[in-house]
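Here is what each chain is made of, one letter per residue.
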Amino acid sequence: QLMGEIQIEVLKYQMKERFECEVDFDEGSVMYKETIESPVVGVGHFEPLRHYAEVHLLLEPLPSGSGIQFVNDCFKDLGGDFREATYRAVRQGLKCAKSILLEPYYQFRIEVPSEYVSRTIYDIEQNGGTFTMDSNESDMSILQGKAPVSKMRNYASTLLSYTKGK
């Protein structure tokens, strides 16, 4: 999670100085997450020699941003057969569930000279973002909003170039 060209150049220099190793960085990739649309029951079983374990589990979507939560109603001493059956139940439940892809968004605050505000608004809208213009302070305009990471990853350098660093 590097924050710009200068930080990348400093890191390259430090790697060369400390470890005598030349490194380079690519653009990276956007990490998407997903959730399920509605509750689903997964069933899995595991049957090694003369043992049998069967697991029924409920997968439910949670509110956005709450992460993953696990609740176990079994005794902890029931052993590895149930663990293997649980893996199979999760896999089977996810196969049956309808997945929803969650696109990551940047939340931004841009202070831009008023002469460039129309260009900035155009860029935000073209890249699928939304914004509000909070205030005008002398010759600067402030835009706040959110936009998809996949579209706005390198926008800071674009903004710096057409505002000439302002």
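The sections below set out a description of the structure shown in this document. (Residues numbered from 1 in each chain as written. Predicted model: local features only at pLDDT ≥ 70, side-chain atom pairs only at ≥ 80, totals over all residues. Heavy atoms only, no water.)

### Side note on the environment of Val41
Moving on, step 1. Locating Val41 in the fold gives a position in strand β2 (residues 40-46).
Moving on, step 2. Measuring from C-alpha to C-alpha, the distance between Val41 and Glu103 comes to 26 Å, with 62 residues separating the pair along the chain. (Helix = DSSP H or I, 4+ residues; strand = E, 2+ residues; numbered from the N terminus.)

### A word on unusual backbone geometry
Moving on, step 1. Look at Glu20: it is not a glycine, yet its phi comes out positive at around 50 degrees.
Moving on, step 2. With respect to the helices, strands and loops of the structure, Glu20 is situated in the loop between α1 (5-19) and β1 (33-36).
Moving on, step 3. Even without being a glycine, Arg50 presents a positive backbone phi close to 55 degrees.
Moving on, step 4. Position of Arg50 among the secondary structure elements: in the loop between β2 and β3 (53-59).

### Some details on a nonpolar patch on the surface
Moving on, step 1. A cluster of nonpolar side chains, Val41, Val43 and Leu58, forms an exposed patch at the surface whose accessible area comes to about 240 Å².
Moving on, step 2. Exposure remark for Val41: the relative accessible area of 46% places this residue in the partly exposed category. (Patch = residues over 30% accessible without salt bridge, like charges linked within 9 Å, V, L, I, M, F, W, Y side chains within 5 Å. Areas by Shrake-Rupley, 256 points an atom, 1.4 Å probe, with all protein chains shown as cover. Salt bridge = Lys/Arg side-chain N within 4 Å of Asp/Glu carboxyl O. Buried < 20%, exposed > 50% of the residue type's maximum accessible area, 1.4 Å probe, protein only.)

### Some details on the side chain of Thr120
Moving on, step 1. Following the sequence through the fold, Thr120 ends up in helix α3 (residues 117-126).
Moving on, step 2. A polar contact of 3.0 Å, which involves the side chain of Thr120, links it to the backbone oxygen of Tyr116.
Moving on, step 3. With residues up to four places along the chain from it excluded, the contact list for Thr120 reads Ile110, Val112, Leu143, Tyr155, Leu159 and Tyr162. (Polar contact = N/O pair within 3.5 Å; in protein donor to acceptor, adjacent residues only side chain to side chain. Contact = heavy atoms within 4.5 Å.)

### So, the nonpolar core
Moving on, step 1. One finds Ile110, Val112, Ile124, Tyr155 and Leu159 to be the most contacted residues of the largest nonpolar core, which totals 13 residues.
Moving on, step 2. Those elements giving two or more residues to this core turn out to be β5 (105-113), α3, β7 (140-148) and α5 (155-162).
Moving on, step 3. Non-local contacts of Tyr155, meaning those with residues more than four positions away in its chain, are made with Ile110, Thr120, Asp123 and Tyr162.
Moving on, step 4. Of all hydrophobic cores here, the second largest spans 10 residues; its members include Phe46, Ala53, Leu59 and Ala89. (Core = buried A, V, L, I, M, F, W, Y, C linked by side-chain atoms within 4.5 Å.)

### Notes on α1
Moving on, step 1. Helix length check: α1 (15 residues) gives 21 Å between terminal C-alpha atoms against 21 Å at 1.5 Å per residue, within 8%.
Moving on, step 2. Note on α1: the residue one or two positions beyond its end, Glu20, has a positive phi of about 50 degrees. (Expected span 1.5 Å × (residues − 1).)

### Structural notes on the pattern of salt bridges
Moving on, step 1. Across all of its chains, the model carries six salt bridges by this definition.
Moving on, step 2. Between Lys98 and Glu37 there is a salt bridge whose closest N-O contact spans 3.7 Å. Linking Lys98 in the loop between α2 (80-96) and β4 (99-102) with Glu37 in the loop between β1 and β2, this pair joins segments that are 61 residues apart in sequence.
Moving on, step 3. Its relative accessible area of 53% is what places Lys98 among the exposed residues.
Moving on, step 4. Of the charged contacts, one joins Arg109 and Glu111 as a salt bridge, the two residues approaching to 2.4 Å between their closest N and O atoms.

### Some points on the environment of Gly65
Moving on, step 1. Along the chain, Gly65 turns up in the loop between β3 and α2.
Moving on, step 2. The class for Gly65 is exposed, based on a relative accessible area of 80%.
Moving on, step 3. Sequence separation between Gly65 and Gln14 is 51 residues, and the spatial gap between their C-alpha atoms is 36 Å.

### What about the packing of α3 against α5?
Moving on, step 1. Two elements in contact, α3 and α5, have axes whose closest approach is 11 Å; the angle formed by their N-to-C orientations is 160 degrees. Taken together, the axis directions place α3 and α5 in an arrangement best described as roughly antiparallel. α5 is crossed by α3, and the crossing has right-handed handedness. Mapping the contact onto sequence places Arg119, Thr120 and Asp123 in α3 and Tyr155, Thr158, Leu159 and Tyr162 in α5.
Moving on, step 2. For the contact of α3 with α5, a count of residues per class yields three nonpolar, two polar and two charged. (Axes fitted to C-alpha atoms, helices over the stretch in contact; angles between N-to-C directions. Parallel < 35°, antiparallel > 145°, perpendicular 65-115°, else oblique. Left-handed = near helix turned anticlockwise from the far one by under 90°. Nonpolar A, V, L, I, M, F, W, Y, C, P; charged D, E, K, R; others polar.)

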